[in-house]
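As a plain string of letters, each chain reads:
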Amino acid sequence: MNVTIEPGWKSCLEQEFQKPYFKELAEFVRQEYQQYTCYPKGSEIFAAFEHASFDKTKVVIIGQDPYHGSGQANGLCFSVRDGLAHPPSLVNIFKEIGQDLGKPYPRSGNLEHWAAQGVLLLNATLTVRAQQAGSHQNKGWETFTDAVIRKLDKEKEGLVFLLWGGYARKKVRLIDADRHHILTAGHPSPLSANRGLWFGNRHFSKANEILRKQGKSPISW
């Protein structure tokens, strides 16, 4: 795998790319993309880092897997390409933003504009085989993305981590709550949202208030 990544992240993660587990992961991903249809496309595997540079990152949202439907995944967690139907979790995210901030429901589900403002939209697993959710889990991606979270934790201060659902909340162990801000809620999926664990969390206004108190510009969600 030829890792082309934003220079700040490349400097930060260079040693990680040289570790044996990552070389094994790269070979696994190469073979999967040769033999099967996988998402996102190869040039977008590291899109989360390209759109949210290391220096600019101030909010971190952690997802689990890329979307495994045709053409949906664009390398940013919860995000889909322009013109595609919004998956249920993304629908609920936008509904919560509407309730929290009074913003109209957007036409596009592409979250690149969040990333450009410093929101790292990080899936724990960066690739997936088409129509097979979780097919690339436990192959090394989680080791890599945990290392990303640890780097952010150690080298930055005042980040806002939005941890939605049980899987994301497990990442709390990687974050120093004395140096960063952690907001947790249920997952925005219908199963969780319909049980009252998502709506009303107001994470978007809360995150912006935390940023303002630090003298940072808020996110235009």
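The following paragraphs examine the structure supplied in this document. (Residues numbered from 1 in each chain as written. Predicted model: local features only at pLDDT ≥ 70, side-chain atom pairs only at ≥ 80, totals over all residues. Heavy atoms only, no water.)

1. Thoughts on the layout of surface pockets
- By volume, the largest pocket is sized at about 440 Å³.
- Residue lining of the largest pocket: 25 residues in total, with Gln64, Asp65, Tyr67, Phe78 and His187 positioned closest to the centre.
- Breaking the lining of the largest pocket down by element, the ones donating at least two residues are strand 2 (59–63) and helix 7 (165–169).
- Here the lining of the largest pocket is built from residues that sort into 15 nonpolar, 9 polar and 1 charged. (1 Å grid on protein atoms, 1.4 Å probe; cavity = no way out; pocket = protein on both sides within 12 Å on 5 of 7 lines; lining within 4 Å. Points joined across faces, edges and corners; volume = space filled by probe spheres on them. Helix = DSSP H or I, 4+ residues; strand = E, 2+ residues; numbered from the N terminus. Nonpolar A, V, L, I, M, F, W, Y, C, P; charged D, E, K, R; others polar.)

2. As for the packing of aromatic side chains
- This model, assessed by the stated rule, comprises 20 aromatic pairs.
- Between Phe17 and Phe46, the aromatic rings sit 6.5 Å apart at their centres with planes inclined by 85 degrees, giving edge-to-face as the arrangement. Of the two residues, Phe17 is situated in helix 1 (residues 7–17) and Phe46 in the loop between strand 1 (38–39) and helix 3 (47–51); the sequence distance between them amounts to 29 residues. By the burial criterion, Phe17 is buried, and Phe46 matches it.
- Measuring from centroid to centroid gives 5.4 Å for Phe94 and Tyr105, while their planes differ by 85 degrees, and the two rings are edge-to-face. Residue Phe94 is found in helix 4 (residues 88–101), and its partner Tyr105 is found in the loop between helix 4 and helix 5 (112–116); the two are separated by 11 residues along the sequence.
- The buried category is assigned to Phe94, whose relative accessible area is 6%.
- Looking at Tyr105, the relative accessible area reads 41%, which means it is partly exposed.
- Ring-pair connections join several aromatic residues into one group, and the members of that group are Trp9, Phe17, Tyr21, Phe22, Phe46, Phe49, Phe54, Trp141 and Phe144. (Phe/Tyr/Trp six-rings, centres within 6.5 Å; stacked < 30°, edge-to-face > 60°. Buried < 20%, exposed > 50% of the residue type's maximum accessible area, 1.4 Å probe, protein only.)

3. Section: the nonpolar core
- In this structure, Phe46, Phe49, Ile61, Trp114, Leu120, Phe144 and Trp221 are the most contacted members of the largest nonpolar core, which totals 67 residues.
- Leaving out residues up to four positions away in the same chain, Trp114 has contacts with Ile61, Ile93, Phe94, Ile97, Val119, Leu121, Phe204, Ser220 and Trp221. (Core = buried A, V, L, I, M, F, W, Y, C linked by side-chain atoms within 4.5 Å. Contact = heavy atoms within 4.5 Å.)

4. Quick look at the pattern of salt bridges
- Taken as a whole and assessed by the stated rule, the structure comprises 11 salt bridges.
- For the salt bridge of Arg173 with Asp146, the shortest nitrogen-to-oxygen distance reads 3.3 Å. Within this pair, whereas Arg173 is found in the loop between helix 7 and strand 6 (181–185), its partner Asp146 is found in helix 6 (residues 141–155), the two being separated by 27 residues in sequence.
- Overall, Arg173 belongs to the exposed group, its relative accessible area being 58%.
- Taking the relative accessible area as the measure of exposure, Asp146 reaches 9% and is therefore buried.
- Here Arg212 and Glu209 are joined by a salt bridge, their closest N and O atoms 3.9 Å apart. Taken together, the residues Arg212 and Glu209, both in helix 9 (residues 203–213) and 3 residues apart, mark about one turn of the helix.
- For Glu209, a relative accessible area of 37% gives the class partly exposed.
- Salt bridges here are not isolated pairs; linked through shared partners, they connect Asp146, Lys171 and Arg173. (Salt bridge = Lys/Arg side-chain N within 4 Å of Asp/Glu carboxyl O.)

Function cannot be inferred from these measures alone, as they are strictly geometric.
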